[in-house]
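Breakdown of the fold
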Amino acid sequence: MAQSSASADSLLEKGNREEAVKLLGDFAKKYPERKDPWVRLARIHFDGENYAQAIVAAEEALQRDRTDRTAKSIRAVGGLRVAAQSLADLKGDVELKGDARSDAVGLAKVMRETLGEEVLVPPEEKKKKSVQAVRAKSVAAAQQPVGQKPQAAAGGNPFGALR
């Protein structure tokens, strides 16, 4: 990898971005288990403001190493830049001119219409509600006075609620 990386650096210094990408792509095919060429490709694409390709390469690196911070960072920042550009494009199409809230409402409307969805962000799952119920029961049990028996569940069995 060191030789391929040095060769890619040399090509980049000469302005041959496409050749550097091809070299690293070939290395990635030859050694599919390695994350290194994918991280380098992600950096090259990111530096070239090709955020979609940077995200794809970062994802490839993360498939090989879920803990790689460089790949995570490139994926996150690249995603934010794509989102920002997309919102700017939408804003330009809609010609928003109100305050921030009305602009956001207008953008949301355009996004819902484009996606054919009534809701852009679905509500939390029922799982969250059940977690909150368990927490409420735990808090109630913890607040019982010391020495007092817990309230019995149906049938006088204190463990009946656990069924």
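For the structure given in this document, a descriptive report is provided here. Note that the structure is predicted; figures quoted are calculated from it, not measured.

**Structural notes on the nonpolar core**
Grouped together as the largest cluster of nonpolar side chains are 18 residues, with contacts concentrated most on Trp38 and Ile74. When near neighbours in sequence (up to four residues on either side) are disregarded, Ile74 contacts Ala42, Arg43, Phe46, Ala54, Ala58 and Gly79.

**Comments concerning a nonpolar patch on the surface**
A contiguous nonpolar patch, built from Leu115, Leu120 and Val121 and spanning about 290 Å² of accessible area, is present on the exposed surface. Among the secondary structure elements, Val121 is positioned in the loop between helix H6 (100–115) and helix H7 (126–142). A relative accessible area of 66% means that Val121 is categorised as exposed.

**Some points on the pattern of salt bridges**
Throughout the structure, instances matching the rule amount to 7 salt bridges. A salt bridge links Asp26 to Lys22; the shortest N-O distance between them is 3.1 Å. Taken as a pair, Asp26 and Lys22 lie in helix H2 (residues 17–30) at a separation of 4 residues, close to a single helical turn. Across the pair Lys35 and Asp65 runs a salt bridge whose closest N-O atoms are separated by 2.8 Å. Taken as a pair, Lys35 in the loop between H2 and helix H3 (36–47) and Asp65 in the loop between helix H4 (51–64) and helix H5 (69–94) lie far apart in primary sequence, 30 residues in all. By sharing partners, the salt bridges in this structure join Lys35, Asp65 and Asp68 into a single network.

**Some thoughts on H6**
An ideal rise of 1.5 Å per residue puts 22 Å on 16 residues; H6 measures up with 22 Å between its terminal C-alpha atoms. Residues Asp103, Gly106, Leu107, Ala108 and Val110 constitute the buried set of H6. Remark: Gly116 follows H6 within two positions and exhibits a positive phi of approximately 70°.

**Points about the side chain of His45**
Note on placement: His45 falls in helix H3. Classification of His45 by relative accessible area gives buried; the value is 14%. Filtering out sequence-adjacent residues up to four positions away, His45 remains in contact with Val21, Asn50, Gln53 and Ala54.

**So, the packing of aromatic side chains**
The tally for this structure, following the rule as stated, stands at 2 aromatic pairs. Between the aromatic rings of Phe46 and Tyr51, the centroid separation amounts to 5.2 Å while the plane-to-plane angle is 65°, which identifies the pairing as edge-to-face. The same class applies to Phe46 and to Tyr51, which are both buried.

So, how was this worked out
Residues numbered from 1 in each chain as written. Predicted model: local features only at pLDDT ≥ 70, side-chain atom pairs only at ≥ 80, totals over all residues. Heavy atoms only, no water. Core = buried A, V, L, I, M, F, W, Y, C linked by side-chain atoms within 4.5 Å. Buried < 20%, exposed > 50% of the residue type's maximum accessible area, 1.4 Å probe, protein only. Contact = heavy atoms within 4.5 Å. Patch = residues over 30% accessible without salt bridge, like charges linked within 9 Å, V, L, I, M, F, W, Y side chains within 5 Å. Areas by Shrake-Rupley, 256 points an atom, 1.4 Å probe, with all protein chains shown as cover. Salt bridge = Lys/Arg side-chain N within 4 Å of Asp/Glu carboxyl O. Helix = DSSP H or I, 4+ residues; strand = E, 2+ residues; numbered from the N terminus. Expected span 1.5 Å × (residues − 1). Phe/Tyr/Trp six-rings, centres within 6.5 Å; stacked < 30°, edge-to-face > 60°.

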